[in-house]
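Chain by chain, the residues:
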Amino acid sequence: MPDAFSRVIAFLAVVTALLFAGLHFHQGHIIATLYFMTGAILVTAVTRMNVRRGLI
């Protein structure tokens, strides 16, 4: 997979997770909000580690 494509997919995953977190927060579902926020943080951390190591 090209580097740019992997980064775009990771960015879209984070944006989607944050949008779902905001939606569930607005509806009052705290557990779902925490789930999506944690997912966004983990995707960001894993992507950053992979970029620093040169994997993507």
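It should be emphasised that the depicted structure is a prediction, and the values quoted were computed from it without experimental measurement.

Focus: the overall build of the protein
Stage number 1. Across its full length, the protein holds 2 helices and 0 strands.
Stage number 2. By the compact-globule yardstick of 10 Å for 56 residues, the protein is too spread out, its C-alpha radius of gyration being 13 Å.
Stage number 3. Considering only C-alpha atoms, the protein reaches an extent of 40 × 15 × 10 Å along its principal axes.
Stage number 4. When the 56 residues of the protein are sorted by exposure, 16% land in the buried category.

Some points on the packing of helix H1 (residues 3–27) against helix H2 (residues 30–53)
Stage number 1. Two elements in contact, H1 and H2, have axes whose closest approach is 8 Å; the angle formed by their N-to-C orientations is 165 degrees. In terms of their interaxial angle, H1 and H2 are classed as roughly antiparallel. For the pair H1 and H2, the crossing hand works out as left-handed. Taken together, the residues of H2 that come into contact with H1 (itself represented by Arg 7, Ala 10, Ala 13, Val 14, Ala 17, Leu 18, Phe 20, Ala 21, His 24 and Phe 25) are Ile 30, Ala 32, Thr 33, Phe 36, Met 37, Ala 40, Val 43, Thr 44, Thr 47 and Val 51.

As for a nonpolar patch on the surface
Stage number 1. A cluster of nonpolar side chains, Phe 5, Val 8, Ile 9, Phe 11 and Leu 12, forms an exposed patch at the surface whose accessible area comes to about 480 Å².
Stage number 2. Considering the arrangement of structural elements, one finds Leu 12 in helix H1.

Quick notes on the rules
- Residues numbered from 1 in each chain as written.
- Predicted model: local features only at pLDDT ≥ 70, side-chain atom pairs only at ≥ 80, totals over all residues.
- Heavy atoms only, no water.
- Helix = DSSP H or I, 4+ residues; strand = E, 2+ residues; numbered from the N terminus.
- Rg over C-alpha atoms; globule rule 2.2 N^0.38 Å.
- Buried < 20%, exposed > 50% of the residue type's maximum accessible area, 1.4 Å probe, protein only.
- Axes fitted to C-alpha atoms, helices over the stretch in contact; angles between N-to-C directions.
- Parallel < 35°, antiparallel > 145°, perpendicular 65-115°, else oblique.
- Left-handed = near helix turned anticlockwise from the far one by under 90°.
- Contact = heavy atoms within 4.5 Å.
- Patch = residues over 30% accessible without salt bridge, like charges linked within 9 Å, V, L, I, M, F, W, Y side chains within 5 Å.
- Areas by Shrake-Rupley, 256 points an atom, 1.4 Å probe, with all protein chains shown as cover.
- Salt bridge = Lys/Arg side-chain N within 4 Å of Asp/Glu carboxyl O.

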